[in-house]
Amino acid sequence: MWEPVIGLEIHVQLQTSTKLFCSCKNSYGDPPNTNICPVCLGHPGTLPVLNEEAVKLAVKLALALNCRVNETSYFARKNYFYPDLPKGYQITQHRFPLAQDGYIKLRSGKKIRIERLHIEEDSGKSIHTENGTLVDFNRCGVPLAEIVTKPDISSPEEAVEFLKTLRLAAIYAGVSDGDMEKGNLRCDANLSLRPRGSEILGVKTEVKNLNSFRFLAKALEYEIKRQEKILSSGGEVKQETRGYDSHKGITFPMRSKEEAHDYRYFPEPDLPPLILTEAYISKVRSEIGELPWEREERYIRSFGLERETARVLCSEKEISQLFEETLKDFPDPKEAANWVKTDVLKWFREGHSVSPSALAKILNMVKEGRISRLQAKEVLEETAREGKDPEKIVQERGLLQISDETQLRSIIEEVMEEFPEKVEKYRKGKKGLLGFFVGQVMRRTGGKANPKVVNKILQEVLNGER
Ligand SMILES: [Zn+2]
């Protein structure tokens, strides 16, 4: 009877080489407080200089998400005090953001509208230890794009699909690596419930810092149940910001509406308006490249792949690239797709990669009947794990399949001589015995016999066609 109304706020870290307003390195995992300078530490008298590359990446992302890019946008100061924000304010965009009115289309065809996309700087990182809190300012001033959706999302599944699609678009467009574990893509979700069919919005809560797809789904599921319980018993949901405890799988209150910050936004006096020409915007648009959903359509159109197969291939940019490269030496898209979406993807997700040329070699060996599919799986595994050349593995393991008819025929004759009564039974109609004979041939060849050829000869011989 209750309908969830969900909106998301997503921070995407832009993969520039330097920070948003200074020339410090934008890199993850360096020793704490090594990529810092007076500008990103907010020393008095320093001035920010806008990073052109960050603007370009943010525009790219905005266009990929179907937003309208504003030719003029402004920076603003968001004032608050926190130890990881040495300036005492964050430079962001407030009333006049970089881009507005975009959307992402879900598989169901439903459009989730994007209200705005703006550029802002990241804060540092607080590291809480037993002996107190440490602060690492390396992340201070790293460029972010913040994306705010309209409350168009109606379920945790839709929320996850939206976020996955957004992440993939950012990766394809070369805007961000979308690595959620490193915090390069972070998500806050707000949620309220209303009686199904009602137009009026209920009181919402916001859950902060959901850093995986699973946590996003779990936190929303928990919040739906929690609010349902309150509303169904006639209570009122309190407007507040909540955290998510991934160990307990619950959300918990962080601060209520009364405790909410007053950020006292005002225009950033140290930065001029950001003015982009139409020509610049169209140039950036032309550099976006193929987006995941476009690639998916092309695979269906040009290669005749099933939608689901195309979707799986495009779900990792590197995998789709590998697939297309493989086709250069193995021009059978359907067969290549079957291998890539199963075994190759499995090894990729476990951190092992196969080169397109190695994969094409293996697939060609299967096609030529030199190795069986089962053997190909083994070769693929060893190639993926150890980076060895497939030809070499086949030679070393003596894997080559026996397809030679004369050789197989003589083995088959041996089998028939050993089991004359079974041959008799087969010829009297017990056709199910065929499997037994195939099994015997396989045993004698250590599994190397080409099953197709064995089947063919066996039938000929047993049916007396020879
Ligand atoms: Zn700096």
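For the structure itself, consult the block above.
Residues numbered from 1 in each chain as written. Predicted model: local features only at pLDDT ≥ 70, side-chain atom pairs only at ≥ 80, totals over all residues.

### Remarks on the sheet that holds strand β2 (residues 68-69)
With mixed pairing, the nine strands of this open sheet are ordered in space as β2-β6-β7-β10-β1-β11-β12-β13-β14. Edge positions in the sheet fall to β2 and β14 (250-256), since each has one partner strand and no second. The pairing of β2 with strand β6 (residues 99-105) spans two bridges and is antiparallel. Opposite Val 69, over in β6, you have Ala 99 as the bridge partner. Against the sheet, helix α2 (residues 156-172) contacts β1 (2-13), β6, β7 (111-121), β10 (143-149) and β11 (185-195), and its axis sits at roughly 20 degrees relative to β1. The strands touched by helix α3 (residues 213-232) are β1, β11, β12 (205-210), β13 (240-245) and β14; relative to β11, the strand with the most contacts, the crossing angle is about 25 degrees. (Pairing = 2+ DSSP bridges. Helix = DSSP H or I, 4+ residues; strand = E, 2+ residues; numbered from the N terminus. Contact = placed C-beta atoms within 7 Å. Axes fitted to C-alpha atoms, helices over the stretch in contact; angles between N-to-C directions.)

### Examining the sheet that holds strand β15 (residues 266-267)
Across a sheet, paired strands are connected by hydrogen bonds in the backbone, their directions being either parallel or antiparallel. The strand order β5-β4-β15 describes an open sheet built from three strands, whose pairing is antiparallel. Looking at which strands have only one partner, the edges of the open sheet turn out to be β5 (89-92) and β15. As paired strands, strand β4 (residues 76-79) and β15 are joined by two bridges and run antiparallel to one another. Paired with Ala 76 across the two strands is Pro 267, which belongs to β15.

### With respect to the packing of helix α6 (residues 307-314) against helix α8 (residues 333-349)
Orientation of α6 relative to α8, taken along the N-to-C sense of each, is 50 degrees, at an axis distance of 10 Å. The angle between α6 and α8 places the two elements in the oblique class. The two elements α6 and α8 meet at a crossing, and its hand is left-handed. On α8, the residues that touch Thr 309, Val 312 and Leu 313 of α6 are Ala 337, Val 340, Lys 341 and Leu 345. Per-class residue counts for the contact of α6 with α8 are five nonpolar, one polar and one charged. (Parallel < 35°, antiparallel > 145°, perpendicular 65-115°, else oblique. Left-handed = near helix turned anticlockwise from the far one by under 90°. Nonpolar A, V, L, I, M, F, W, Y, C, P; charged D, E, K, R; others polar.)

### Details of helix α10 (residues 373-386)
Between its first and last C-alpha, α10 extends 20 Å over 14 residues, near the 20 Å set by a 1.5 Å rise per residue. Listed as buried for α10 are Gln 375, Ala 376, Val 379, Leu 380, Thr 383 and Ala 384. The secondary structure elements touched by the buried residues of α10 are α8, α9 (356-367) and α11 (390-397). Phi for Gly 387, located one or two positions after α10, is positive at around 65 degrees. (Expected span 1.5 Å × (residues − 1). Buried ≥ 20, exposed ≤ 12 C-beta atoms within 10 Å, placed from the backbone.)

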